[in-house]
Amino acid sequence: METSQIVRYLRERFPRAILGENLQAFDPWVQVEPAQLREVCFYLRDEPALRFQMLHLITAVDYLEKPPGGGQGGSEGHFEVFYHLSSLEHGHRLVLKVRLPRWKHNQPGQLPELPTLSDIWRTAEWHEREVYDLSGVCFIGHPDLRRILCPEDWQGHPLRKDYPMSHQYQGIPGR
Amino acid sequence: MVDSVVPEEFDLLTEEIVINMGPQHPSTHGVLRLILRTDGEVVREVQPEIGYLHRCAEKIGENLTVRQFTPYTDRLDYLAAMNMNLGWSLCVEKLLSWQVPEKCRHLRVLMAELNRIASHLVAVGTYGLDLGNFTPYMYCFREREKIVNLFEAVCGARLTYHYIVPGGVMGDLPPGWLRECSRFLDQFQATLNDLHALLTNNYIFIRRTAGVGVLPLGTAISYGCTGPVLRASGLAWDLRRHGEPIYTQMYAPYDFQIVAPQDGQYPDDGLSPPVPDDAVVGDCWHRFYVRMREIVQSVRIVRQAIQWYQEADGSVGEPMKIQQKLPVAEAYLETEAPKGQLGFLIVGQGASIPRRVRIRSSSFCNLSVLPELCRGCLVADVPAIVGSLDLVLGEVDR
C-alpha cells in the first residue's frame, strides 16, 4: 500500500493523533501524539489492510541546540523518538515519530516519558531498555526497565548531547 | 554403625537454583552472560545479560564523519565485516542519493556473499563444537581460511576489511584473484558433503537439535527475529529480494533460492540431504540446516558474480571524500547480513558529521527471544539453543 494511503487511513481513524507527515522523505514518516501512540500502534498492527507486524528499531534523537559560540548549557531543543515499522505481509514500511521535551516539565534530571509498546511488539522490550539506558527516555508500563548495555551503576545517559564525558569510572582513569 | 543408615526417599521436587553461565563461557560465543533459574535439570527462566562488549559505536558515530566511521562498522559483526561495510555504505548512499557503477555492484555482491559463506561456516562449525563434535569445526575453519586469504589478497586485512566504502570499493581486484576464487568454489562442495555427513545426518546431532528450542513464526516476528532464524521458522523472507530498491537492484540479475522450509520440507537442490523425521519447523536443526543451504545458494551467487563482474564495463567506484557534507535528512536502510537484517539509521544535520547514527543489530533481536526459547528446556539444551541463534556479541553490544 502507498504511504499516502496509510496516512489517510490513520487520519480518518485518529484525526487528532497525527500531528504531521512527510511523504517525500527517504523513509516517509508521520508524527504521532504521544498520548495516543499506543492506540495508533495497536491499530497499525491489527488492521488487516495495514498489518505492521514487525517493529525494527526504536531510536531517540537528541535535537539539543548548542548555544551560539559553543560553551556549556543550552536546555533548548527536544527529543524525537523514531519507530521503524514494516509489514511482512504487504511489504510496506512506515516511520512513526514522537516529539518529546528533553526533560519532563523542563526540569533537568526528570526523564521524559512515553508509553511502552513492549506488549504490542516484543522487540520493543529490549529496544526500550536500550533507549532508556543510552538516551534517557522513560517508558511507562515497561515490565523491566533496567539498563541493558551500560553497567547498572552508570550515571547519566551517554547519547544525550549534553552528557559530560567522564574521565574515570569508579576510580579507574579512562585515559 | 553403617547398618543404621536407611536409604531415604527423596522428593524429586527440588529447590530452584540460580546458575550463572558466562560471560567467560566457551559455549556462549563471546562475552554473553546467562542467568539460569533451574529446577533440577529443567530451566525455568533464562535472563541474558549483555553489554560486556559495548564500545559506544553509536556515540563514536556522532563524532566522526560517515567516511571515518566506516572502519568502525567492521567491528560490529567481525565475522561478516564485508556485510557490515556494505550495509553502512548503502545507507550513506541512500542518504546522498548516490548510485555506484554496475561493476562495483557486482564486486560488492561477490564480497558480501563470500563473507556470508565464511560467516555461516563459523556458525555451523562452532555449533558442532557446542554439541561435542570437534571435527567439522576444523573443516569449517580450514575452508574459512581460504576465504580469508582471498580477502587478504584484496584488502590486506584478514578480519576487519574496510573494503566496501561509501561511493565504491577501496580498490579493484588484484590480477589472478578471480581464478583463485573459482578454484576455491570448485573444491568447496566436497567440504559441504563432509559437513552433511558429520552433522546434518549425524544421529547424535539430530537427537541434540531436532525438536529443541522450537520458535513459532508469530513469536519470531514479534521479537523481530530475522535472517536464518526467521526463515527456519517457515517464512521465505529475504531482503535480497524483499528489501528496498537500492539493495534489491544489486541482486536483481542473480538467480538464487530463498531458503525456508515449506510444510517442513525444502525444495530439492540436488546437494543437500533430506529433513529427518524428528525435526520440527523452527527448531535448532532447521536453523542449522537453513544456514547449510544458504551456503550453497551463496556459492551459486558468487559464481554468477564472477561472470557479471567480468562482463561489466566501467570503474569500481570512487571512495567518498572524508568531509562530504550530509543533507538535513534521515535515511534508514536494512540489508541482509548473514545473521539477519542489519539496519543503519543516519540523521544528517547539514554537516559532514551526522547528528545521530543508529545501528539495528540482528543478533540483538535474535538474542532477545532466548528467554522464550529456553523456558522449560533442559540445562544441556541451553548451549544448543544459544549456538543455533548464531550470535556475535560484537554486534549485540555494539
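As a starting point, this report considers the structure included with it. All values derive from a computational prediction rather than experimental measurement.

Attention now moves to the pairing of strand S2 (residues 29-32) of chain A. Residues and elements named next belong to chain A. Side chains of S2 alternate between two faces, with Trp29 and Gln31 and Val30 and Val32 buried alike. The pairing of strand S1 (residues 18-22) with S2 spans 4 bridges and is classified as antiparallel. Looking at S2, one finds that Asn22 is bridged to Trp29. Hairpin geometry of S1 and S2 is characterised by an intervening segment of 6 residues between the two adjacent antiparallel strands. Across 3 bridges, the pairing between S2 and strand S5 (residues 93-101) is parallel. Within S5, the residue paired with Gln31 across the bridge is Lys97.

With that settled, the discussion passes to the nonpolar core. B:Leu110, B:Met111, B:Leu114, B:Tyr163, B:Leu173 and B:Trp177 are the most contacted members of the largest nonpolar core, which has 130 residues in total. No other element matches helix H12 (residues 284-311) of chain B, which puts 14 residues into this core. Ranked by size, the runner-up nonpolar core spans 34 residues in total, among them A:Phe52, A:Ile58, A:Ala60 and A:Val137.

To continue, consider the sheet that holds strand S2 (residues 33-39) of chain B. Residue and element names in this part refer to chain B. Spatial strand order, S1-S2-S3: 3 strands in an open sheet with antiparallel pairing. Sheet topology places strand S1 (16-21) and strand S3 (42-49) at the edges, where each strand pairs with a single neighbour. In this sheet, adjacent strand axes meet at a mean angle of 20° when their direction is disregarded. Of the pairings in the sheet, the one linking S1 to S2 comprises 6 bridges and is antiparallel in character. Residue pairing for S2: Ile17 is matched across the bridge by Thr38.

Going through the model one piece at a time under the given rule, you end up with 18 aromatic pairs over all chains. Ring centres of B:Tyr251 and B:Phe256 lie 6.1 Å apart, and the angle between their planes is 70°; on these two criteria the pair is classed as edge-to-face. Exposure remark for B:Phe256: the relative accessible area of 8% places this residue in the buried category. Three or more aromatic residues joined by ring pairs make a cluster, and in this case those are B:Phe69, B:Tyr72, B:Trp88 and B:Phe344. Its guanidinium or amino end placed over the ring of A:Trp29, A:Lys97 lies 4.0 Å from that ring's centre, counting from NZ or CZ.

This part covers the pattern of salt bridges. This model, assessed by the stated rule, comprises 44 salt bridges over all chains. For A:Arg146, the salt bridge identified is with B:Glu49, shortest N-O distance 3.3 Å. Taken together, the positions of A:Arg146 in the loop between strand S7 (138-140) and strand S8 (168-169) and B:Glu49 in strand S3 put the pair across two chains. With relative accessibility at 19%, the residue B:Glu49 sits in the buried group. A salt bridge links B:Glu143 to B:Arg142; the shortest N-O distance between them is 3.2 Å.

Rules used in this analysis
Residues numbered from 1 in each chain as written. Chains lettered and ligands numbered in written order. Predicted model: local features only at pLDDT ≥ 70, side-chain atom pairs only at ≥ 80, totals over all residues. Heavy atoms only, no water. Buried < 20%, exposed > 50% of the residue type's maximum accessible area, 1.4 Å probe, protein only. Helix = DSSP H or I, 4+ residues; strand = E, 2+ residues; numbered from the N terminus. Pairing = 2+ DSSP bridges. Core = buried A, V, L, I, M, F, W, Y, C linked by side-chain atoms within 4.5 Å. Axes fitted to C-alpha atoms, helices over the stretch in contact; angles between N-to-C directions. Phe/Tyr/Trp six-rings, centres within 6.5 Å; stacked < 30°, edge-to-face > 60°. Lys NZ or Arg CZ within 6 Å of the ring centre and 35° of its normal. Salt bridge = Lys/Arg side-chain N within 4 Å of Asp/Glu carboxyl O.

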